Amino acid sequence: MKKVLVIAAHPDDEVLGVGGTIAKLSATGIECHLLIVTDGSSSQYRDSDRLSEIIEAKKQETKNCADILGIKSIHYGGLPDMRLDATPHVEINQVIEKVIDEVKPDTVFTHFWGDVNMDHQNVFKSTLVAVRPVMGQVVKELYCYRVPSSTEWTPNKEDTMFMPNYFVDITKYAEQKYKAFACYSTELREYPHPRSVQYLRETDKAAGLCVGMLAAEEFVMLRKLV
């Protein structure tokens, strides 16, 4: 990995799923970039007359989080959140393709196809289009990450069960991840909700113990060209 792009449907997905890995890669000199596909607020706060202010505040939370993790650049797709299932597929494709053309990452982390969240599913589908292995494709590695309160809430069926085959030791970077997540004050919940720091700490520890580490993030590796 030399240059990484993390694709997230909503603000905070990136730190929930890849935060420790981003911090670790950034610390070793690998460029990490972020694409937030939706505005993250237009459905949740659709009746608010302060919607534009809320969206800008969420962007500031994303920047604060990114600064802690060492993310080099943030890109915003601006598509309506919780409505990607009603957004033309080609529009989502174009958002992702544009950033890949600009950043030229060799590695991409995206959502898991089986997540209960429909935005996540559609971001995954459009990522596959954007990184299809045609001649000259710059993306050589493709991974799916898990997002608490979405990945584990899907039915445990063969086609939707998250079965990781790639683990990153984040033991030295776990607290950095939790500090970064705390920047999303509007998203924090009380334990045992999945969007709580204690929940993240326990699930990262559980993932690590599965493979002999104190804390880990787990991924599904879909493609690696060498």
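Located above this text is the structure these notes cover.
Here is a short report on the structure shown in this document. (Residues numbered from 1 in each chain as written. Predicted model: local features only at pLDDT ≥ 70, side-chain atom pairs only at ≥ 80, totals over all residues. Heavy atoms only, no water.)

Looking along a regular strand, one sees the side chains alternate between the two faces of the sheet. Summarising burial for strand E4 (residues 107-111): 5 of the 5 residues are buried, a large majority. For strand E1 (residues 3-8) and E4, the ladder comprises 3 bridges, and the chain directions are parallel. When the bridges of E4 are listed, leucine 5 appears paired with valine 108. The pairing of E4 with strand E5 (residues 141-145) spans 5 bridges and is classified as parallel. Bridge pairing in E5 links histidine 111 to tyrosine 145. One crossover worth recording links E4 to the parallel E5 by way of helix H4 (residues 118-130), and it is right-handed. (Buried < 20%, exposed > 50% of the residue type's maximum accessible area, 1.4 Å probe, protein only. Helix = DSSP H or I, 4+ residues; strand = E, 2+ residues; numbered from the N terminus. Pairing = 2+ DSSP bridges. Right-handed = clockwise from strand over helix to strand, strands pointing away.)

Turning next to the environment of glutamate 61. Within the secondary structure, glutamate 61 sits in helix H2 (residues 51-69). Distance in space between the C-alpha atoms of glutamate 61 and aspartate 13 is 12 Å, their sequence separation being 48 residues. Every residue in contact with glutamate 61, bar those within four places of it in the chain, is listed here: Cys183, Tyr184, Ser185 and Thr186. Separated by 3.2 Å, the side chains of glutamate 61 and threonine 186 make a polar contact. (Contact = heavy atoms within 4.5 Å. Polar contact = N/O pair within 3.5 Å; in protein donor to acceptor, adjacent residues only side chain to side chain.)

The subject of this paragraph is the packing of aromatic side chains. One pass over the full model with this rule turns up 7 aromatic pairs. Between phenylalanine 112 and phenylalanine 162, the ring centres sit 5.1 Å apart and the planes meet at 90°, which makes this aromatic pair edge-to-face. Placement of phenylalanine 112 in the loop between E4 and H4 and of phenylalanine 162 in the loop between E5 and strand E6 (166-169) is noted, with a sequence separation of 50 residues between them. Both residues of the pair, phenylalanine 112 and phenylalanine 162, belong to the buried class. Taken together, a centroid distance of 5.6 Å and an interplanar angle of 50° make the contact between tryptophan 113 and phenylalanine 124 tilted. Residue tryptophan 113 is found in the loop between E4 and H4, and its partner phenylalanine 124 is found in helix H4; the two are separated by 11 residues along the sequence. With a relative accessible area of 31%, tryptophan 113 lands in the partly exposed category. (Phe/Tyr/Trp six-rings, centres within 6.5 Å; stacked < 30°, edge-to-face > 60°.)

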